[in-house]
There are 2 protein chains.
Amino acid sequence: MNKITPKTLKGFRDFLPKEARKRAYVIEKLKSVFESYGFEPLETPSLEYAEILTGKYGDEGDKLMYKFKDNGGRDVALRYDQTVPLARVVAEYGEKLPMPFKRYQIQNVWRAENTQRGRFREFLQCDIDTVGTANINADLEIIICVAKCLETLGFKQFKILTNDRKNLKDIPKEAIIIIDKLKKIGEEGVKKELSEKGFDSSILENIKISGKTPAIDLLVEKLEGKVIFEPTLARGLDYYTGLIFEVEINGYSAGSVAGGGRYDELVGMFADKQIPAVGASFGFDRLIEAMNELNLFPKDLQTTKVLILNLPNFEEKALEIANKLRENNINTEVYLDSNIEKGKQFNYSEKKGIPYTIVPNENETFTLGWKNENGQIEKVEKITFNNLLEHLRS
Amino acid sequence: MNKITPKTLKGFRDFLPKEARKRAYVIEKLKSVFESYGFEPLETPSLEYAEILTGKYGDEGDKLMYKFKDNGGRDVALRYDQTVPLARVVAEYGEKLPMPFKRYQIQNVWRAENTQRGRFREFLQCDIDTVGTANINADLEIIICVAKCLETLGFKQFKILTNDRKNLKDIPKEAIIIIDKLKKIGEEGVKKELSEKGFDSSILENIKISGKTPAIDLLVEKLEGKVIFEPTLARGLDYYTGLIFEVEINGYSAGSVAGGGRYDELVGMFADKQIPAVGASFGFDRLIEAMNELNLFPKDLQTTKVLILNLPNFEEKALEIANKLRENNINTEVYLDSNIEKGKQFNYSEKKGIPYTIVPNENETFTLGWKNENGQIEKVEKITFNNLLEHLRS
């Protein structure tokens with residue numbers, strides 16, 4: 001058989017262990033904060049009937065959606081966001097769900113975007129939403145929970161830009177999309193594009209004098225110094241109807257790391273009545289990138305803590321000590337092949353980034369080696385199992 | 001706009017919070033055992049070039065694969081298992097990876113199967129594999145790790161059926177597929193089908209007298225009473241070349257919950273040389289089903305521990321106590337709307353399955369209510385914050 005060239009599709013990524021561990025770390029932190037506020041996990045299928053998804057995200061969304069016919073000839077589409085599937089779930093299960101329904105969802109979505117820095121065709125979204133209440137407390141809780149997530153990840157300075165879609169209600173959709181580019185192309189750019197498309201460029205000035213809503217006033221009060229009223233904030237997606245927001249990290253300029261808002265008319269597209277909802281979504285890749293840039297990942301994300309070298313005549317001893325360490329919740333690998341020379345086993349440990357190496361000795365003792373903060377190798381010889389445990393736990 | 005009927009595709013599933021929590025519990029347990037043996041996380045894309053996946057799983061696999069043309073006209077396919085993408089990764093990254101490369105992977109796969117009980121079109125696989133060594137220790141470690149996973153999930157009695165593909169090396173592929181049905185259709189059935197397809201039905205008798213390999217002998221020794229040499233075990237997938245195994249749970253008859261084996265020629269299809277490998281895969285849905293049947297899930301999987309009722313004039317107090325509980329790592333929800341009557345707030349708590357309810361009182365005290373083991377409501381009145389903490393932690 002001919003060799004098949006190993007390659008991945010543009011916009012799709014492998015995550016090798018080092019990167020995968022960072023992702024798992026962020027997911028774990030987000031989940032813990034989501035759950036601390038009473039949001040519960042939901043999963044929906046990757047594939048939906050195409051008609052469930054199309055027409056909800058605007059023309060751009062329909063164009064970027066992965067749509068195809070399955071083996072049974074059905075028109076199907078890959079998940080494009082997690083909000084529309086949530087709306088479908090709420091309509092489908094109705095009375096079975098507690099109302100309000102507070103859920104979090106952490107799954108991949110697929111968009112056939114032009115790939116560029118930080119833009120991928122498969123990427124993870126992390127969402128929280130509260131469906132079934134128009135109470136302002138739901139809006140506040142969503143944004144407070146988002147802020148708490150960012151603090152838990154280690155971000156100290158960020159700002160939450162807020163606006164209300166109602167402030168834009170008299171402005172045509174096409175003009176909103178232009179105004180949404182304000183950050184990218186500046187005020188002059190927006191005015192120019194508005195004129196070119198036949199809009200009165202004074203729209204922008206009129207928006208600027210629109211007023212804060214009670215929700216925004218409350219937010220400003222609750223999250224002192226973090227919330228900014230930004231009357232030109234528009235957000236791209238079609239379905240928002242009330243409060244909208246975006247979160248920017250100081251010192252990270254690639255774009256907002258989270259955003260969301262109130263959408264009181266989306267669930268009704270699948271149900272016999274309107275059901276109000278509000279939610280937020282984290283841009284997972286940007287979070288990771290911002291954390292890398294600001295150096296917020298802990299240094300000890302390595303999952304394997306110890307490698308025990310496998311030396312002739314010490315195989316059984318290596319397995320025994322490994323099991324004892326595992327019983328003490330210390331992730332321990334035994335090198336698999338005692339025919340491989342010691343130096344190569346050390347190289348393996350180094351390449352894998354395993355912090356501690358154990359060399360079995362005679363008489364139930366071991367040599368423990370590790371690199372100190374300056375990158376120098378330190379070791380303790382003739383250590384007993386209990387000393388070993390103490391060292392590894394310190 | 002017309003209402004869109006909310007529905008999901010056949011073979012695809014929503015996981016509402018109760019089910020999603022069980023899944024998260026099993027994943028967490030498996031991850032912790034995988035990591036304790038030095039397996040590290042890997043993620044690969046959902047979509048691959050179709051040519052990467054086709055021709056690796058036999059004709060049946062090619063037929064069941066979700067293949068389509070993407071927006072750029074490329075032939076793409078959804079992940080069908082996690083072994084072929086792993087082989088692609090090893091060939092693609094080569095020297096960048098530590099060798100042997102020990103990874104775990106927990107992602108969805110898609111197969112357009114006829115749906116029936118326990119058969120889905122989107123399902124989760126949980127795999128461990130060791131690539132880059134033919135050492136028998138790798139085979140043993142994989143199977144020992146699988147056994148450890150099952151014990152950690154609470155399974156007490158299970159058996160590991162083992163065989164070696166080399167015992168079947170003189171038997172045509174088509175006959176192996178028939179022999180693989182032994183459990184389903186019985187010995188007479190297999191012999192009949194062999195004859196019908198023109199094979200000598202004595203093949204089956206000949207297989208039965210084949211011998212154990214050294215790896216199987218060692219396994220029998222290491223996992224006393226759990227490992228059974230089963231010379232007729234065949235396993236469906238094309239790529240196995242050596243030791244193969246399947247795990248069955250006593251008292252759960254729907255089929256094996258895990259399986260795997262050695263495949264020394266798959267990675268070579270993408271690389272310039274042969275790279276030996278061995279691995280195992282858990283059937284996640286069957287694990288969940290077996291755990292349900294054997295009652296192995298803990299009773300307290302609920303993520304939200306406390307609901308604080310939201311009563312007029314006590315809103316601020318509710319939020320304050322919630323924050324203090326969260327600081328103490330107790331997941332706490334505040335009911336969002338103080339206009340909703342108390343009884344309905346209780347109903348919400350019940351429907352969501354939240355174990356504790358707190359009603360704020362005057363004078364910095366609270367009433368704590370919960371259901372005891374007999375389903376009766378118990379409560380303590382005029383409790384202080386510190387008493388509250390004690391109660392919730394006990």
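Residues numbered from 1 in each chain as written. Chains lettered and ligands numbered in written order. Predicted model: local features only at pLDDT ≥ 70, side-chain atom pairs only at ≥ 80, totals over all residues. Heavy atoms only, no water.

A. Geometry of the overall build of chain A. When helices and strands are tallied, chain A shows 13 helices and 16 strands. For chain A, the spread of C-alpha atoms along the three principal axes comes to 85 × 55 × 45 Å. Every one of the 394 residues in chain A was classed for burial, and the buried ones make up 57%. Look at the contacts in chain A between residues 6 or more apart in sequence, and 67% of them connect residues 24 or more apart. (Helix = DSSP H or I, 4+ residues; strand = E, 2+ residues; numbered from the N terminus. Buried < 20%, exposed > 50% of the residue type's maximum accessible area, 1.4 Å probe, protein only. Contact = heavy atoms within 4.5 Å.)

B. Region of interest: the interface of chain B and chain A. Taken together, the 97 residues of chain B in the interface contact 97 residues of chain A. Between chain B and chain A lies a buried interface of about 8100 Å² when both sides are counted; carbon and sulfur atoms form 56% of it. On the surface where chain B and chain A come into contact, there are 12 salt bridges. One salt bridge connects Arg21(A) with Glu40(B), and the closest N-O pair in it is separated by 3.1 Å. It is helix H1 (residues 17-36) of chain B that provides the largest number of residues to the side of chain B that touches chain A, a total of 10 residues. In terms of residue class, the side of chain B that touches chain A is made up of 42 nonpolar, 21 polar and 34 charged. (Buried area = accessible area lost by both parts, 1.4 Å probe. Salt bridge = Lys/Arg side-chain N within 4 Å of Asp/Glu carboxyl O. Nonpolar A, V, L, I, M, F, W, Y, C, P; charged D, E, K, R; others polar.)

C. Representation of the sheet that holds strand S2 (residues 47-49) of chain A within the structure. Residue and element names in this part refer to chain A. On the basis of which strands lie adjacent, the open sheet formed by three strands has the order S2-S4-S3 and antiparallel pairing. The outermost strands of the open sheet, each flanked by one partner alone, are S2 and strand S3 (67-69). Neighbour-to-neighbour, the strand axes of the sheet open up by a mean angle of 40°, direction not taken into account. Alignment of S2 against strand S4 (residues 75-78), held across three bridges, turns out to be antiparallel. Counterpart to Leu47 in the pairing with S4 is Leu78. (Pairing = 2+ DSSP bridges. Axes fitted to C-alpha atoms, helices over the stretch in contact; angles between N-to-C directions.)

D. Representation of the pattern of salt bridges. In the structure shown here, the tally under the stated rule is 58 salt bridges over all chains. Note that Lys191(B) and Glu187(B) form a salt bridge whose closest N and O atoms lie 3.8 Å from each other. Of this pair, Lys191(B) and Glu187(B) both sit in helix H7 (residues 182-196), four residues apart, roughly one helical turn. The partner of Lys352(B) in a salt bridge is Glu333(B), with the nearest N and O atoms 2.5 Å apart. Of the two residues, Lys352(B) sits in helix H12 (residues 342-352) while Glu333(B) sits in strand S13 (residues 332-334), which places them 19 residues apart along the sequence. Across the pair, Glu333(B) and Lys352(B) agree in class, each one buried. Taken together, the salt bridges that share partners define one network made up of Asp14(A), Glu48(B), Arg88(B) and Glu92(B).

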